[in-house]
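# Reading the structure
So the chains spell out like this:
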Amino acid sequence: LLLGLVLFLYARRTRRRNEPPLDKGMIPWLGHALEFGKDAAKFLTRMKQKHGDIFTVRAAGKYITVLLDSNCYDEVLSDVITLDQTGYAQILMKRIFSLNLPNHNPEYEKKRAEKHFQGPALTQLCSSMQNNLHLLMDSSEMDLKKSEWKKDGLFNFCYSLLFKTGYLSVFGVEKNNSATLTEVYEEFRRFDKLLPKLARTTVNKAEKQIANSAREKLWKCLTPQCFDGKPKDQSWLENYVQHLQDEGIDTETQRRAMLLQLWVTQGNAGPAAFWVLGCLLTHPEALRAVREEIQGGKHLRPEERQKNTPVFDSVLRETLRLTAAALITREVVQDKKIHLSNGQEYQLRRGDRLCVFPFISPQMDPQIHQQPEMFQFDRFLNADGTERKDFFKEGVRVKYPSVPWGTKDNLCPGRHFAVSAIKELVFTILARFDLELCNKNATLPLVDPSRYGFGILQPAGDLEIRYRIRS
Ligand code: HEM
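Residues numbered from 1 in each chain as written. Predicted model: local features only at pLDDT ≥ 70, side-chain atom pairs only at ≥ 80, totals over all residues. Heavy atoms only, no water.

### A word on the packing of aromatic side chains
- Applying the stated criterion across every chain yields a total of 18 aromatic pairs.
- Measuring from centroid to centroid gives 6.0 Å for F163 and Y167, while their planes differ by 15°, and the two rings are stacked. Of this pair, F163 and Y167 both sit in helix α8 (residues 154-170), four residues apart, roughly one helical turn.
- Among the residues examined, Y167 registers a relative accessible area of 6% and is labelled buried.
- Where F312 meets F427, the ring centres are 5.2 Å apart and the plane angle is 80°; that geometry is what we call edge-to-face. Here F312, found in helix α16 (residues 310-323), pairs with F427, found in helix α18 (residues 415-432); they are 115 residues apart in sequence, far enough to count as distant.
- Members of the aromatic cluster, connected to one another through ring pairs, are F155, Y159, F163, Y167, F171, Y185, F188, F274 and W275.
- If you follow R256 out to its NZ or CZ, it ends over the ring of W219, 4.2 Å from the centre.
- The positively charged end of R466 is found above the aromatic ring belonging to W149, 3.9 Å away from the centroid. (Phe/Tyr/Trp six-rings, centres within 6.5 Å; stacked < 30°, edge-to-face > 60°. Helix = DSSP H or I, 4+ residues; strand = E, 2+ residues; numbered from the N terminus. Buried < 20%, exposed > 50% of the residue type's maximum accessible area, 1.4 Å probe, protein only. Lys NZ or Arg CZ within 6 Å of the ring centre and 35° of its normal.)

### Here we look at the packing of α8 against helix α13 (residues 269-282)
- It is at 8 Å that the axes of α8 and α13 come closest, and there the two elements cross at 140°. Accordingly, the angle class assigned to the pair α8 and α13 is oblique. Seen along the crossing, α8 lies across α13 with a hand that is right-handed. On α13, the residues touching L154, F155, C158, Y159 and L162 of α8 are A269, G270, P271, A273, F274, L277, G278 and L281.
- When the residues that make up the contact of α8 with α13 are grouped by side-chain class, the tally is eleven nonpolar, two polar and no charged. (Axes fitted to C-alpha atoms, helices over the stretch in contact; angles between N-to-C directions. Parallel < 35°, antiparallel > 145°, perpendicular 65-115°, else oblique. Left-handed = near helix turned anticlockwise from the far one by under 90°. Contact = heavy atoms within 4.5 Å. Nonpolar A, V, L, I, M, F, W, Y, C, P; charged D, E, K, R; others polar.)

Here it is in structure tokens:
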């Protein structure tokens, strides 16, 4: 009876004055859930064309207001009281990581991470990252003999290298066993592949088993005790474990929290490096320009080489514009009035959810970026070699032409580290290896549409490459 009443009340919802356009979809209760989950970018683009920069859709009994006016993201999301980010984060933690952290406070977590991923700590972390990456790319470690070609999929190649590098550097693990490292990576990939389905609770029985087994193996590998005895003063992870222990969190939960942190810190840089190299290999003029830039910096000391690279920076910005697709979600805990950048006022309803999806706007907005689906390596480059920051929509300057690291109050604290790791990987590969497509006419694989909403996109297939040590 109660369920019937709830269904009835939901079905009756109508648009009130000043509320965004309401689109409930045809299916009772479920609304647009299937289309939303299948390909969020396609669905939300369709809704944007139908309703404009703000609208409310129904999905699995929830009403979700989607805001796509990028010039007001900062202002709207700065209200952390009315727009709560913990509720939905808790739901996802439970579904994906089987983790309950009732006191988890994303605001506090970000502050803590910022402290550890900036300044002297960042310098130290980057230097450890470079050492680890070079160690992993050693010819004997990669089982490479002179002048012999080796084949791989570019996605696996990039993801495994950056995952292992990041795991060794951020988790402070000592590299003494390649086989264990590969095992952790492979379990992580099994888990990562199923992550969107875990989040949407659409895993079938077999997939559930795979996810459970991968999670359990990873929990075992990530036992916090392994940090005991060899303290790395003030490392971000040690500090995190300490924080959990101070909160009275049991060991089992601590392990599960480690997997959450493993995914947050290692789930995006590898896929991003894949798209960067994939775009370079399929756009020879971009590869030529990057190679020339690297060549020009060869006389610099290694620590200086990463600093002045406007061409590569534009390539990276352009790649992230095309592939960074995090969905920022908040629970509306009190009725709230918001203003779009054109001054229009809308009312958000308590109990609804608010979603901001920068991938659609600004990143793929045809009014901001010409031919937004095309990779143009110099899109973020002025003729004088400086960064291009001026982009306009209907004559008004857009605040940010791309939002890969999140909005102002929610910037990824690991972004400097991520950029440094991607750069180091690409520069080292281009310097040390001959790397080419197995099929010279191959194009970039399509995107796996189920990954919209979960950070950097992943390809539906892969790009076959071959590589050998540069003679
Ligand atoms: C959060 C993007 C790599 C550490 C975030 C957020 C975004 C993001 C958009 C905010 C999510 C939200 O508020 O809803 C990226 C991208 C990366 C990347 C595009 C790579 C290309 C990294 C790396 C690290 C890192 C390498 C650390 C080594 C974090 C942490 C958070 C975060 C600690 C906060 C998570 C929390 O709420 O507890 N990242 N990130 N990220 N990122 Fe990154």
